[in-house]
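Analysis of the macromolecular model
Here are the chains, one letter per residue:
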Amino acid sequence: MDDEPHLVRSLSFILSKEGYEVVSAVNGEEALQKIRESKPDLMFLDVMMPKKNGYEVCQEIRSSPELKDIYIIMLTARGQVNQAFISS
């Protein structure tokens, strides 16, 4: 889930071409709604989304027993890396 339309289109195209089902959202609140509906195996999550940022969405996913096993890849457009983590 990402609020950058060019990145969303690029990732969606590549993943769809490889046979994956892709669901996208434009903000953190919409992302959480769609995550609860589709329960994906893997998600790309933008750190800087409107309404709820990627960290907030990640925290809600990790605190939910039915969603906590989703693999999350965090994306950011920041020029400098301040923090890195792997969530599994």
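This text follows the structure it describes.
Right, let's walk through the structure included here. Computed from a predicted model, the values in this text were never measured in an experiment.

Where strand E1 (residues 42-46) lies against strand E2 (residues 71-75), 5 bridges are found, and the strand directions are parallel. Its bridge partner lying in E2, leucine 42 is registered against tyrosine 71. Read as a crossover between parallel neighbours, the route from E1 over helix H3 (residues 54-62) to E2 is right-handed.

Another point: the packing of helix H2 (residues 28-38) against H3. For any two helices packed against each other, the geometry comes down to the angle between their axes and how far apart the axes lie. Following both chains from N to C, one finds H2 and H3 inclined at 25°, their axes separated by 9 Å at the closest point. Here H2 lies roughly parallel to H3, going by the angle between them. Relative to H3, the crossing made by H2 is right-handed. Taking contact as the criterion, the partners of Gly28, Leu32, Ile35 and Arg36 in H2 are, on H3, Val57, Glu60 and Ile61.

Moving on: the side chain of aspartate 46. By secondary structure assignment, the location of aspartate 46 is in strand E1. When its relative accessible area of 5% is taken as the criterion, aspartate 46 is described as buried. Only 3.1 Å separates the side chain of aspartate 46 from the backbone nitrogen of methionine 48, close enough to count as a polar contact.

Thresholds applied
- Residues numbered from 1 in each chain as written.
- Predicted model: local features only at pLDDT ≥ 70, side-chain atom pairs only at ≥ 80, totals over all residues.
- Heavy atoms only, no water.
- Pairing = 2+ DSSP bridges.
- Helix = DSSP H or I, 4+ residues; strand = E, 2+ residues; numbered from the N terminus.
- Right-handed = clockwise from strand over helix to strand, strands pointing away.
- Axes fitted to C-alpha atoms, helices over the stretch in contact; angles between N-to-C directions.
- Parallel < 35°, antiparallel > 145°, perpendicular 65-115°, else oblique.
- Left-handed = near helix turned anticlockwise from the far one by under 90°.
- Contact = heavy atoms within 4.5 Å.
- Buried < 20%, exposed > 50% of the residue type's maximum accessible area, 1.4 Å probe, protein only.
- Polar contact = N/O pair within 3.5 Å; in protein donor to acceptor, adjacent residues only side chain to side chain.

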